[in-house]
Amino acid sequence: MKEQISKIKESAIQEIETANDLTQLNDVRVKYLGKKGELTALLRGMKDLSAEERPIIGSLVNDVKEELENLIQKNEEELKKAEINKKLEEEKIDITLPSTKIRRGSKHPVNRIIEELEDLFVSMGYDVCSGPELETDEYCFERLNLPKGHPARDMQDSFYITDEYLLRTQTSAVQARTMVANKEKTPIREITAGKTYRREDDATHSHQFGQIEGLVIDYKENHVSLADLKGTLEVLVRTIIDKNSNLRFRPSYFPFTEPSYEVDVSCFKCGGKGCNLCKQTGWIEVLGCGMVHPNVLKMNGYDPEKFGGFAFGTGLDRLAMFKYGIPDMRYLYANDVRFLKQFDRKDVD
Amino acid sequence: MKLSTNFVKDYIDIDVDVKTLAEDMTKAGNEYDSAEKLVNATNLVIGEIKSCKPHPDSDHLHLCKVDVGTEILDIVCGAPNAREGIKVIVALPGAELPGGVKIKSGVIRGEQSNGMMCALYEIGIDKKYLSEEDKNGICELPQDAVPGEDPIAFLGLDDEVIDFDLTANRGDLLSILGMAYEIGAIYNKKLKKELDMSHKENGKDVNESLKVDVQTDNCKLFLAKRAENIQIKESPAFIKNRLIASGIRPINNVVDISNYVMLEVGQPLHFYDSDFLGNKLIVRMANKDEKLTTLDNIERTLNENDIVIAKEDGAIGLAGVMGGLTTEVEEATKNITIESAIFDPVLVRKTSNKILRSEASNRFEKGIAINSTYMAIERACNLLEKYANATIITGTVVYDKTKTENNLLSDRNIKIKYKDINDVLGTNISKEEILDVFKRLDFEIDYSDDEEANVCVPRRRLDISIKEDLIEEVGRIYGVDNIQGKLPKLEMKQGNYDKTGRAIRNKMIDLGLNETLSYILINDKEVHKFTTDEFEELKLLDPITVDRNTLRYSMIPSLYKIYEYNYARNQKDVSIFEIGKGFFKKGEIYGEENKLCVLMSGIYSLGIEKKQVDFYILKGIAEELLDYLGYENRYSFVMPKNIPNEFHPGQTAEINVNNDIVGIIGRVHPEVTSEKVFVMEINLDKLLSKKVGGMKYKEISKYPTIKKDLSLIIDKNKTSYEIEKELKKAAGKLLTNIEVFDLYTGKGIDKDKKSIAYSLSFGANDRTLTDEEINEVLNKIIETAQNKLHAELRK
């Protein structure tokens, strides 16, 4: 009997070891350990043994059974692993093949700048206001201290539709509208971004261009000052153009502000050393600004003795060109899809 | 304004170099374009031609021996006027001339040449300033020139020029005197001397021989004097040089003096030939269509907005802009009448825009202080006496209405509190520093205490009339660089912006479209395209080109232009959108509307599917947007009654929201393009005026949904919309969804029929539906399909 057991054990072990796949291994299990298996048959034959032999042989058979089960389990795991590995090997792909493109569209660079500026100013409590592009002479000029015949109107030769209606030359028209709408009821903190139009078209001027303007009017007691304007524009420039920008305020002249300034930004290409972008000056003119002219306040319903504030404005197209290194303003309006598609990634924070 | 630093140094000492001066002026608000030497050439010396022989190998070159003080140089020269004995300007080997020309020793046609004899234009004096002789040959220096010395200093051309780009309010800086005050304020210096106006006056008072009759309000001040027996000749070198440095061509001593005084004082003068003038000068508005031949020999047609100077028998000059031909000062002129006047800036500007923008008109436009008018006429007499041997006639004809006019023309007092200055600037500038600024500007202080001062602004500063102007002056001279930036301390509040506009933009981008930015100006031929709406087009009064002469109404022409631009560059997969405006006039109303425009053509790909664009892709984009904005189940696409000519009549729909047409969608007519191009425009103002409710959670049924398919053969012209509507009505609320999953025409189906298959979903929130319930609903559906829609079931 013992011999028989060890014979079964030996041949079972051999068959287990040589089984190449899970089916063969299962066949081995059935052959020896199944209901009709050889080892099971042995156990059944135990009734013919003597009472002394029975426990000895019984435990021997059980030991073998356990040993075989362990061995099968172990080999089973190995075979499973091998099988998975084989499958993985078969599923190997060329990860350098092109991807399935999942492509969003893109936002026009000028609108990217507008949204960035709007977010910045909204975070400082400014409202974003809008107004008509087909504007009246009254709001575009007269209410901004630019009476008919004023020489400063030269700077902005306009597209008139009638004697009264024109395409707005500046987003400041919205400032006048905002003031008239609020009429001293509240202080104002607003920005307006949008399209503006002037009668000029050459390499550096487009007859249609983008502008953004800001206006702060508050009670005199709150002392909105030139220093505040300077600080605000520093934030603007450092957010949009370059964290390390320096600003230079140059006294200038605009009819709607007094005092008025033009603001130069240290050249972000050469860092102020002088290059072709800044025409060797180290500075690039970017903004116009000033303290709101008392006539403008008065004409639009705010008492200059009680209120004061500042206004600023800048060209969006130039900001977009600076920010993204676009060499020619006309690219912004040509709308070549190969150009548009480039503006599809997140800006660097 | 080109500033000759030599000229301004007559009145103020300048201790810094020209670049520093230009930069310091810029910081004070006076921007410049360039700051450089008038003659930008090196290594120039005076030479004397000792001998001049023809070049053996050339018919026009000369071989010259030139004494340059230290040596005799062999120089080959091509100038026709090169000859023995003349004094010349020699550029030595190593010299650099304007335009990057470098002079080297060399051999010209076999002969050694060690330098170059120069014409004035070769050392940087523009030909337009030169006499005929100087244009055609080398410069001949006067005989007292000493070989070896600096010819530029000898000629008085050792000047440095700053070309300022001045702001419109600083008319005072269009004069040497104004510049001197400004420079003085920056460097804290006083003027060296006053304007020399001294001269003798002779004979009977001019008022006896000349009357001035001003018939218009547009001339507030008119002065006239007369000078007799003048000698017309070339101006002295300093006058010519200063005119050239200032960008004005020298002509003769008398004309040059009028320009010189204009540069110096800022008041343009006009000289008339008295012998052609008669004894009366009239200032009036021109008559309609009045004719005048101006100095440039062009006959001008005038109108009632032009101010003219006239005799009884007609206009002789356009006030402030250009004189007339008949009274021009010429070689033979002996007696002149000098006009110094102030004309209305706005009208001068209008006239000069029409005729000619000149140094004179520029000054009238910016405004002239009345003391300049009085000073200029006396200064002209001073110079005419000195440089034209003129006899000045006693007295001045004066018409002066400035006293009764606004105080801007005279000195004015402005009271200012130091606190106001510091509040506006955000500074803490002391009383002493503030008063010092006014002193530097040469503004007198009438009165000052610890809180405020009374500042007397001289009349030359026309730009200063209110206290804010004085605050600007303090900021300017104190230096804006010295003001520390900070953020305003204001009450906290929330900022608002248009979230919907952005949401629409981002949704379109999410759907794979590229945003464009197009011009709103289009050709008037395009403006009624892609629309059947009635409106009056808005044309520009003065367009730059025909292609941009009208404001667009529909945005589709703009986007179609972009499509064409890309197509021409072989970019045929175009999926673009833009949010913009359309403009119109309806009745008396001028209006504009916000619109969303989409154009798609070629391959559209979003994710794994790459598809040729068709109507249904664009419709899908429209639906996705409308659903996103909250209009789910409130819109439909309907066949339009009137289809614009540029749309495909069989592939176009109106977008209907709440029974209101908000947009159009369809294929561009094959006659417009053979490519498949699809466009859509939605009137956003109209769409967004329809309110939507907030987003609310809907209960998800815990019970299963049962799906059934239904395939119908039905009349080809029955639209899916109509079929669905009827089926839904028949089914009631147990039908939770209905979707088309197949559409077939062709083999096996009658020509006037189509096969359309629906997937129907049934379910309820409170129970699992029984087979009986479903069959009952399904039977109702089938019954409706057969009886109402006359459809046949397809097995």
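Residues numbered from 1 in each chain as written. Chains lettered and ligands numbered in written order. Predicted model: local features only at pLDDT ≥ 70, side-chain atom pairs only at ≥ 80, totals over all residues. Heavy atoms only, no water.

## A look at the overall build of chain B
- The number of helices and strands found in chain B is 19 helices and 43 strands.
- Computed over its C-alpha atoms, the radius of gyration of chain B comes to 42 Å, more than 25% above the 28 Å expected for a compact globule of 795 residues.
- Summarising its shape, the C-alpha atoms of chain B cover approximately 125 × 80 × 60 Å along the three principal directions.
- Counting across all 795 residues of chain B, residues that qualify as buried make up 52%.
- Of the contacts made within chain B by residues no fewer than 6 positions apart, 68% connect residues no fewer than 24 positions apart.
- In chain B, which carries 109 positive and 133 negative side-chain charges, the distance between the mean positions of the two groups comes to 6 Å. (Helix = DSSP H or I, 4+ residues; strand = E, 2+ residues; numbered from the N terminus. Rg over C-alpha atoms; globule rule 2.2 N^0.38 Å. Buried < 20%, exposed > 50% of the residue type's maximum accessible area, 1.4 Å probe, protein only. Contact = heavy atoms within 4.5 Å. Lys, Arg positive; Asp, Glu negative; His and termini not counted. Charge placed at Lys NZ, Arg CZ, Asp CG, Glu CD.)

## Quick notes on the domain arrangement of chain B
- Domain boundaries assigned for chain B yield domain 1 (2-38 + 161-187), domain 2 (44-155), domain 3 (206-403), domain 4 (411-478), domain 5 (499-688) and domain 6 (706-793).
- Summarising the inter-unit geometry, the C-alpha centres of domain 2 of chain B and domain 5 of chain B are found 70 Å apart. (Domains from an automatic or database assignment.)

## Some words on the pairing of strand β40 (residues 706-715) of chain B
- Relative to strand β42 (residues 753-762) of chain B, β40(B) is paired through ten bridges, and the arrangement is antiparallel. Looking at β42(B), one finds that Lys708(B) is bridged to Leu760(B). (Pairing = 2+ DSSP bridges.)

## Some details on the pairing of strand β27 (residues 452-457) of chain B
All names here are of chain B.
- With six of six residues buried, β27 lies mostly within the body of the structure.
- A two-sided burial pattern is seen for β27, the buried positions comprising Glu452, Asn454 and Cys456 on one face and Ala453, Val455 and Val457 on the other.
- Bridging between strand β26 (residues 444-448) and β27 involves four bridges; their strand directions are antiparallel. Looking across to β27, one finds that Ser448 is bridged to Ala453.
- Adjacent in sequence and paired antiparallel, β26 and β27 are bridged by three residues.

## Thoughts on the pattern of salt bridges
- Applying the stated criterion to the full structure yields 71 salt bridges over all chains.
- One salt bridge in this structure joins Lys323(A) and Glu116(A), with 2.9 Å as the shortest N-O distance. Here the residue Lys323(A) occupies a position in helix α10 (residues 316-324), and Glu116(A) occupies one in helix α5 (residues 109-122), the gap between them amounting to 207 residues.
- A relative accessible area of 24% places Lys323(A) in the partly exposed class.
- Salt bridges sharing common partners tie together Arg248(A), Arg250(A), Glu262(A), Asp264(A), Glu285(A), Glu23(B) and Glu31(B). (Salt bridge = Lys/Arg side-chain N within 4 Å of Asp/Glu carboxyl O.)

## Describing the sheet that holds strand β5 (residues 72-77) of chain B
Residues and elements named next belong to chain B.
- Within the open sheet, the five strands sit side by side as β5-β4-β3-β6-β11. Their pairing is antiparallel. The outermost strands of the open sheet, each flanked by one partner alone, are β5 and β11 (116-117).
- Where strand β6 (residues 87-91) meets β11, two bridges bridge the pair, whose relative direction is antiparallel. Bridge pairing links Val90 to Met117 in β11.

## Looking at the packing of aromatic side chains
- All chains considered together, the criterion is met by 25 aromatic pairs over all chains.
- Measuring from ring centre to ring centre gives 6.4 Å for Phe310(A) and Phe312(A), while their planes differ by 40°; the resulting arrangement is tilted. Like Phe312(A), Phe310(A) is buried.
- We note Arg177(A) situated over the ring of Tyr139(A); from NZ or CZ to the ring centre the distance is 4.1 Å.
- The ring centre of Tyr11(B) lies 5.4 Å from the NZ or CZ of Lys193(B), which sits over that ring. (Phe/Tyr/Trp six-rings, centres within 6.5 Å; stacked < 30°, edge-to-face > 60°. Lys NZ or Arg CZ within 6 Å of the ring centre and 35° of its normal.)

## Concerning helix α19 (residues 771-788) of chain B
Residue and element names in this part refer to chain B.
- Relative to the 26 Å expected for 18 residues at 1.5 Å per residue, α19 spans 25 Å between its end C-alpha atoms, a close match to the ideal helical length.
- Within α19, burial applies to Ile774, Val777, Leu778, Ile781, Ile782, Thr784 and Ala785. Along α19, the residues classed as buried sweep out an arc of 155° about the axis, all on the same side. α19 presents Glu772, Glu776, Asn787 and Lys788 as exposed residues on the side facing more than 90 degrees away from its buried surface.
- Looking at the buried side of α19, the elements it contacts are β40, α18 (720-731), β42 and β43 (792-793).
- Two residues or fewer after α19 comes His790, characterised by a positive phi angle close to 55°. (Expected span 1.5 Å × (residues − 1). Arc of directions from axis to C-beta.)

## Some words on the nonpolar core
- Core analysis: the biggest nonpolar cluster contains 93 residues, and Leu233(A), Phe249(A), Phe312(A) and Phe438(B) have the highest contact counts within it.
- Per-element tally for this core: the top contributor is helix α8 (residues 226-240) of chain A, with seven residues.
- Those residues in contact with Leu233(A) that lie beyond four places of it in its chain are Leu247(A), Phe249(A), Val263(A), Leu287(A), Cys289(A) and Phe312(A).
- Core analysis: the next-biggest nonpolar cluster, separate from the first, contains 91 residues, Met25(B), Leu166(B), Ile336(B) and Ile342(B) among them. (Core = buried A, V, L, I, M, F, W, Y, C linked by side-chain atoms within 4.5 Å.)

## Details of helix α8 (residues 345-354) of chain B
- By the burial criterion, the buried members of α8(B) are Leu347(B), Val348(B), Arg349(B), Thr351(B) and Ser352(B).
- Those residues of α8(B) that are buried are in contact with β16 (280-285), β19 (307-311), β20 (314-318), β22 (336-343) and α9 (359-366) of chain B.

## Observations concerning the interface of chain A and chain B
- With 84 residues of chain A at the contact, the number on the chain B side is 88 residues.
- Each partner contributes to the roughly 7,300 Å² buried at the junction of chain A and chain B, and carbon and sulfur atoms together form 56% of this total.
- Three residues, Ile161(A), Pro251(A) and Glu258(A), lead the burial of chain A against chain B; their summed loss comes to 8% of the area buried on that side.
- The interface formed by chain A and chain B holds ten salt bridges in total.
- A salt bridge links Arg505(B) to Glu115(A), with the shortest nitrogen-to-oxygen separation between them at 2.5 Å.
- Among the elements that take part in the side of chain A that touches chain B, α8(A) stands out by supplying eight residues, more than any other.
- Of the residues that constitute the side of chain A that touches chain B, the class distribution is 33 nonpolar, 22 polar and 29 charged. (Buried area = accessible area lost by both parts, 1.4 Å probe. Nonpolar A, V, L, I, M, F, W, Y, C, P; charged D, E, K, R; others polar.)

## Some details on the confidence of the model for chain B
- When pLDDT is averaged across chain B, the result is 92; 99% of the residues are at 70 or more.
- Of the two predicted TM-score estimates for the complex, the pTM is 0.84 and the ipTM is 0.84. (pLDDT = per-residue confidence, 0-100.)

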